[in-house]
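Below, each chain spelled out in residue letters.
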Amino acid sequence: MENITLQKEILSCLGPVQTVGRSVLCLKEAASTNDILKEAARQGGADGTVVTADIQTAGRGRRGRTFCSPQGGLYLSVLLRPNLPVQALQPVTAMTGVAVCQAVETSCGLRPGLKWPNDLVIAGKKAGGILVELIPLPEGPPALIIGIGINLRRRGEGSLGEAETIAAFLEEEAGRMADRGALAAALIGELDRMYSALKAGDTGPYLARYRRDCVTVGREVLLMDTHGQRRARAIGVGEDFGLMVEFPGGEQETIRTGEVSVRGLFGYGT
Ligand code: BTN
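Residues numbered from 1 in each chain as written. Predicted model: local features only at pLDDT ≥ 70, side-chain atom pairs only at ≥ 80, totals over all residues. Heavy atoms only, no water.

## Quick word on the packing of aromatic side chains
- Within this structure, the stated rule accounts for two aromatic pairs.
- Relative to Tyr75, the ring of Phe67 has its centre 6.4 Å away and its plane inclined at 80°; by these criteria the two rings are edge-to-face.
- Ring geometry for Tyr210 versus Phe241: centroids 5.8 Å apart, planes at 80°, classification edge-to-face. Here Tyr210, found in helix 6 (residues 204–213), pairs with Phe241, found in the loop between strand 9 (228–237) and strand 10 (243–246); they are 31 residues apart in sequence, far enough to count as distant.
- The class for Phe241 is buried, based on a relative accessible area of 7%.
- The aromatic ring of Tyr195 is capped on one face by Lys199, whose charged end is 4.0 Å from the ring centroid. (Phe/Tyr/Trp six-rings, centres within 6.5 Å; stacked < 30°, edge-to-face > 60°. Helix = DSSP H or I, 4+ residues; strand = E, 2+ residues; numbered from the N terminus. Buried < 20%, exposed > 50% of the residue type's maximum accessible area, 1.4 Å probe, protein only. Lys NZ or Arg CZ within 6 Å of the ring centre and 35° of its normal.)

## Points about the pairing of strand 9
- The sheet contact formed by strand 8 (residues 220–225) and strand 9 spans six bridges and is antiparallel. If you follow Val221 over to strand 9, its bridge partner there is Ala232.
- Between strand 8 and strand 9, which pair antiparallel one after the other, the connecting turn spans two residues.
- Across four bridges, the pairing between strand 9 and strand 10 is antiparallel. Bridging across to strand 10, Gly236 finds its partner in Met244.
- In this structure, the hairpin formed by strand 9 and strand 10 is closed by a connection of five residues, where Phe241 is found at a positive phi of approximately 70°. (Pairing = 2+ DSSP bridges.)

## Thoughts on the domain arrangement of the chain
- Parsing the chain into structural domains produces domain 1 (4–213) and domain 2 (220–264).
- Just the C-alpha atoms count here: the centres of domain 1 and domain 2 sit 25 Å apart.
- Across the contact, 15 residues belong to domain 1 and 15 residues belong to domain 2.
- Taken together, both faces of the contact between domain 1 and domain 2 bury some 1200 Å²; the carbon and sulfur share is 58%.
- Among the residues domain 1 hides against domain 2, the three largest losses belong to Trp116, Leu207 and Arg211. Together they make up 49% of the total.
- Our count for the domain 1 to domain 2 interface comes out at three salt bridges.
- The tally of links between domain 1 and domain 2 comes to six residue pairs in polar contact (both at pLDDT 80 or more).
- Contributing elements (two or more residues each) for the side of domain 1 that touches domain 2: helix 3 (92–108) and helix 6.
- Take the side of domain 1 that touches domain 2: its biggest share by element is four residues, from helix 6.
- Each residue belonging to the side of domain 1 that touches domain 2 can be placed in one class, and the counts come to seven nonpolar, three polar and five charged. (Domains from an automatic or database assignment. Contact = heavy atoms within 4.5 Å. Buried area = accessible area lost by both parts, 1.4 Å probe. Salt bridge = Lys/Arg side-chain N within 4 Å of Asp/Glu carboxyl O. Polar contact = N/O pair within 3.5 Å; in protein donor to acceptor, adjacent residues only side chain to side chain. Nonpolar A, V, L, I, M, F, W, Y, C, P; charged D, E, K, R; others polar.)

## A closer look at the packing of helix 3 against helix 5 (residues 180–200)
- Taken N-terminus to C-terminus, the directions of helix 3 and helix 5 make an angle of 145°; their axes are 8 Å apart at the nearest point. In terms of crossing hand, the pair formed by helix 3 and helix 5 is right-handed. Between helix 3, through Val92, Met95, Thr96, Ala99, Val100, Gln102, Ala103, Val104 and Ser107, and helix 5, the contact on the second element is made entirely by Ala182, Leu183, Ala186, Leu187, Glu190, Leu191, Met194, Ala197 and Leu198.
- Residue composition of the contact of helix 3 with helix 5, grouped by class: 14 nonpolar, three polar and one charged. (Axes fitted to C-alpha atoms, helices over the stretch in contact; angles between N-to-C directions. Left-handed = near helix turned anticlockwise from the far one by under 90°.)

## Examining the nonpolar core
- Core analysis: the largest hydrophobic core is formed by 67 residues, its most contacted members being Val104, Ile150, Leu170, Leu187, Leu191 and Tyr210.
- If one sorts the elements of this core by residue count, helix 5 sits on top with eleven residues.
- Two domains each put at least three residues into this core: domain 1 (4–213) and domain 2 (220–264).
- Discounting chain neighbours no more than four positions away, the residues touching Tyr210 are Ala94, Val98, Leu114, Trp116, Pro117, Asn118, Val237 and Phe241. (Core = buried A, V, L, I, M, F, W, Y, C linked by side-chain atoms within 4.5 Å.)

## Focus: the pattern of salt bridges
- One pass over the full model with this rule turns up 19 salt bridges.
- When the shortest N-O distance is used, the salt bridge between Asp119 and Lys126 registers 2.9 Å.
- Judged by its relative accessible area of 22%, Lys126 is partly exposed.
- Across the pair Asp240 and Arg256 runs a salt bridge, and its minimum N-O distance is 2.5 Å.

Printed below as a string of structure tokens:
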């Protein structure tokens, strides 16, 4: 069932857009907004289509995790058909992180940080996450689905399950009501600008902003990838948005995949 009230709120706050947000569907409940758009991608759904849900019953996170999605959050996905070589899509995850920080700052007055690659961080806790999926299609270039989940307000102790202890909520942190419609509209506007920049190859301003927003840099990290577990210090973000780290012996490496825990964030090492 649709949430027409939210849809009207979003459309009343949304300025002119090129592609993202030309079609906006707001649902009261969905299994996963990414999965809805995955199906839409296969059925010829339009470039820039946005779907939101008030609740997700099977929300998905990165690395096959469940993303707990109770009432009180913003769960939004967008379908993109960029028609670019897969290599050119690599910065999308980080650029989306910057777009989300920008939208939160515009509508809530506080700017979150980004735990590499793209968890939203406020006061050392997780305020949201981003899941980018490349969808191969039988004909033509793959579609891209960007899913964003943001914690707005707490809904009773334990509604996020285990994640509750490491969760930050925008309303508590900003000390004021967060308007879901205004935040969603700001997010759609930012994603629209990000998409235009991506297609134009204009990633430079996003890299500069990402380097400022990334709270992982300068901290001790635990890397978990095909090499097993390794401790290092994050020393920067490379030109391709990879995380540059230095190991205790002085060797350096740029990390592009795998799990990175950051000392002092989300309860790790505190
Ligand atoms: C993460 O933190 O690992 C990423 C979380 C991404 C959650 C969003 S909510 C909207 C969209 N639908 C999903 O099932 N997942 C994404």
